[in-house]
Structures are given as C-alpha cells and as structure tokens.
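So the chains spell out like this:
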Amino acid sequence: MLNSLFITGTDTDVGKTYVAAGFAVTLRKMGMDVGVMKPFAAGTAQKTGFKSEDVEILANAAHVNDPEILLNPQFFPIAASPYTALKNLKIKPDIQLILNSFKKLSQLHSMMLVEGMGGIMTPILRDYFVTNLIKDMKLPTIIVTRTKVGTINHTIMTCKMCEKYKIPVKGIVINNFDTGGYLIKELKRDLENLTNMPVLGSIPFIDDMSDASLYRIFKKNINFKSLLN
Ligand SMILES: Nc1ncnc2c1ncn2[C@@H]1O[C@H](COP(=O)(O)OP(=O)(O)O)[C@@H](O)[C@H]1O
Ligand SMILES: [Mg+2]
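Residues numbered from 1 in each chain as written. Chains lettered and ligands numbered in written order. Predicted model: local features only at pLDDT ≥ 70, side-chain atom pairs only at ≥ 80, totals over all residues. Heavy atoms only, no water.

Engineer: Help me understand the pattern of salt bridges in this model?
Structural biologist: Pairing between side chains of opposite charge can happen when their charged atoms approach one another. For the structure on display, the rule yields 8 salt bridges. The partner of Arg146 in a salt bridge is Asp178, and the shortest N-O contact between them spans 2.8 Å. With a gap of 32 residues between them, Arg146 in strand E8 (residues 141–146) and Asp178 in the loop between strand E9 (169–175) and helix H8 (184–195) connect regions that are remote in the sequence. The exposure classification of Arg146 matches that of Asp178, with both residues buried. (Salt bridge = Lys/Arg side-chain N within 4 Å of Asp/Glu carboxyl O. Helix = DSSP H or I, 4+ residues; strand = E, 2+ residues; numbered from the N terminus. Buried < 20%, exposed > 50% of the residue type's maximum accessible area, 1.4 Å probe, protein only.)

Engineer: Whenever I open this one, the site of ligand 1 confuses me. Can you help?
Structural biologist: Residues in close proximity to ligand 1 total 13 residues, the closest being Asp13, Lys16, Thr17, Asn175 and Ile206. A distance of 3.0 Å separates an oxygen atom of ligand 1 from a polar atom in the backbone of Tyr18. Isolated, ligand 1 exposes 550 Å² of accessible area, and the fraction of that covered by the protein chains is 79%. With 3 residues, helix H1 (residues 16–29) is the single largest residue contributor to the shell around ligand 1. In terms of residue class, the shell around ligand 1 is made up of 6 nonpolar, 4 polar and 3 charged. (Near = heavy atom within 4 Å. Polar contact = N/O pair within 3.5 Å; in protein donor to acceptor, adjacent residues only side chain to side chain. Areas by Shrake-Rupley, 256 points an atom, 1.4 Å probe, with all protein chains shown as cover. Nonpolar A, V, L, I, M, F, W, Y, C, P; charged D, E, K, R; others polar.)

Engineer: I would appreciate a short explanation of the sheet that holds strand E1 (residues 5–9) in the present structure.
Structural biologist: Note on sheets: strands pair through backbone hydrogen bonds, and any given pair is parallel or antiparallel. Pairing is parallel in the open sheet, where 6 strands are placed in the order E2-E5-E1-E8-E9-E10. On the outer flanks of this sheet lie strand E2 (34–37) and strand E10 (199–203), each paired with one strand and no other. Taking the axes of each pair of neighbouring strands and ignoring which way they run, one obtains an average angle of 25° across the sheet. Of the strand pairs in this sheet, E8 and E9 are connected by 6 bridges, and their pairing is parallel. Bridge pairing links Thr141 to Val169 in E9. Packing of H1 onto the sheet brings it into contact with E1, E2, strand E5 (111–115), E8 and E9, and relative to E5 it is tilted by some 170°. Where helix H2 (residues 53–62) meets the sheet, its contacts fall on E2 and E5, and the angle it forms with E2 comes to roughly 180°. (Pairing = 2+ DSSP bridges. Axes fitted to C-alpha atoms, helices over the stretch in contact; angles between N-to-C directions. Contact = heavy atoms within 4.5 Å.)

Engineer: Help me understand the environment of Met112, please; the structure alone is not making it clear to me.
Structural biologist: Note that Met112 resides in strand E5. Spatially, the C-alpha atoms of Met112 and Lys166 are 20 Å apart, while their sequence positions differ by 54 residues.

Right under this line is the structure:
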C-alpha cells in the first residue's frame with residue numbers, strides 16, 4: 001500500500017511508539033488518512049481504554065476510531081515476545097488474524113503505520129519472526145535507533161537482517177532521548193556510511209505528547225519529503 005510503513009527498532013523501548021505517534025500526527029496534519037496498528041502487544045493490560053498503552057498512544061495520535069480487534073488483534077498479558085507467550089501462556093499467535101485485520105484497516109485508510117514488537121528478530125512462532133510478518137504485510141520499514149554507545153552495532157545488525165529478508169528500508173530515525181550518547185552529526189554520518197540507508201532525522205527528548213508538540217517536533221526534524229516520494 002502506497003506510503004504505508006512498518007515501524008521497527010533496534011530494541012524494545014527504543015522509541016518505536018513515540019516515533020510512530022509523531023509520524024501519525026504529522027502525516028494526518030499533512031492531509032493523509034492515517035491508520036495505525038500494533039499487531040501483537042504485550043505487558044500489563046490497562047484498566048481502562050485499550051489493553052495496550054501503545055495502542056492508546058497510536059490511536060490518539062492518528063485520531064482513529066477503529067475497533068481494538070483491528071488495531072491490536074492479539075494482546076499477551078506478560079511482557080515477553082509472542083513466542084514466549086505461546087510457550088508460557090499457551091496462547092497461539094494467530095498470523096492469519098493479524099493479516100486479515102491489517103487488510104481491513106488498509107481498506108479503511110489511505111496509508112498504514114504498523115508498529116512492531118521489540119526488534120526485527122523478535123520471535124512470533126518457532127520459524128516466524130517480525131521479519132516474516134513485515135514480508136507478509138509487504139511493507140517497507142523505518143528503523144528507530146538511539147544514540148547510546150552500542151547503537152551502531154544494533155543498527156547494522158537490524159539493516160543486515162532487512163537485507164537478508166529483502167525488506168526495503170525507507171530510512172533510520174535517531175531517537176535522541178539518551179544523555180551522553182553519540183553526537184547526532186557523527187552518528188548520522190557513520191550510520192549512513194556503514195548501512196547505506198538514509199537517516200531521516202533525529203528526534204529530541206519529548207516532554208509534551210500533545211498534537212501540537214508532536215507536529216512541531218516531527219515536522220521540523222524528519223524529512224517527510226524523501227519518505228513520501
Ligand atoms: N523522544 C523521547 N523523549 C522522551 N522520552 C522518550 C522518547 N522516546 C522514548 N521515550 C521514553 O522511552 C519509553 C519507551 O519508548 P517507546 O516509544 O514506548 O519505545 P518502544 O515502542 O520502542 O518500546 C517511553 O515510554 C518514554 O518514556
Ligand atoms: Mg512500543
């Protein structure tokens with residue numbers, strides 16, 4: 001689907017949800033009808049609203065009213081990969097359910113932002129990883145990374161796996177929320193040289209998740225033009 005993106009990252013807690021929310025707000029304000037999805041979510045269920053806090057943030061950012069079964073077809077009440085949930089809770093990840101929900105949402109919106117879980121090799125089934133899900137959804141990816149030392153290793157490994165699975169990478173977003181990490185200018189230079197992928201921009205520490213704030217920050221710091229061509 002034209003312009004749709006799978007937002008993955010070099011790790012869990014790297015900023016996939018914040019970046020997906022910023023993209024959703026900005027693309028919506030640019031006039032796109034943006035749908036969002038978090039195929040699998042895990043953790044402690046929220047008492048009100050959506051079970052997954054990620055889904056809450058994404059749905060608010062995109063201003064969508066789609067049912068939870070489409071936005072987040074499966075929720076596992078433990079903080080673990082879908083594969084570990086399968087082993088520990090005997091809940092089987094249902095790939096067909098995910099793909100059907102994705103298809104339905106794709107028909108309701110003109111572009112989709114799908115947030116992954118963990119990193120690119122997070123296991124879903126014994127022989128099915130986030131990489132396989134991205135392939136089945138036929139989406140290009142955005143890789144969210146951070147500035148903390150170690151990030152270059154994680155980013156190169158993520159790009160290499162995308163290459164292995166023939167997943168197109170639209171670009172890297174540096175989430176600059178750590179203190180004491182690499183200088184952005186040097187990290188951008190090195191990541192672009194080492195991976196041959198464009199760095200679309202870097203996001204500063206965000207203390208205000210309102211629409212206006214996310215729009216201002218993402219519009220200013222992300223090269224949406226190169227993303228949407
Ligand atoms: N740019 C940012 N500014 C401020 N805090 C951030 C930023 N990015 C991430 N965080 C913090 O890190 C946590 C994890 O980010 P999140 O987007 O949920 O990661 P992921 O979706 O990759 O697991 C957030 O709950 C937030 O507290
Ligand atoms: Mg998240």
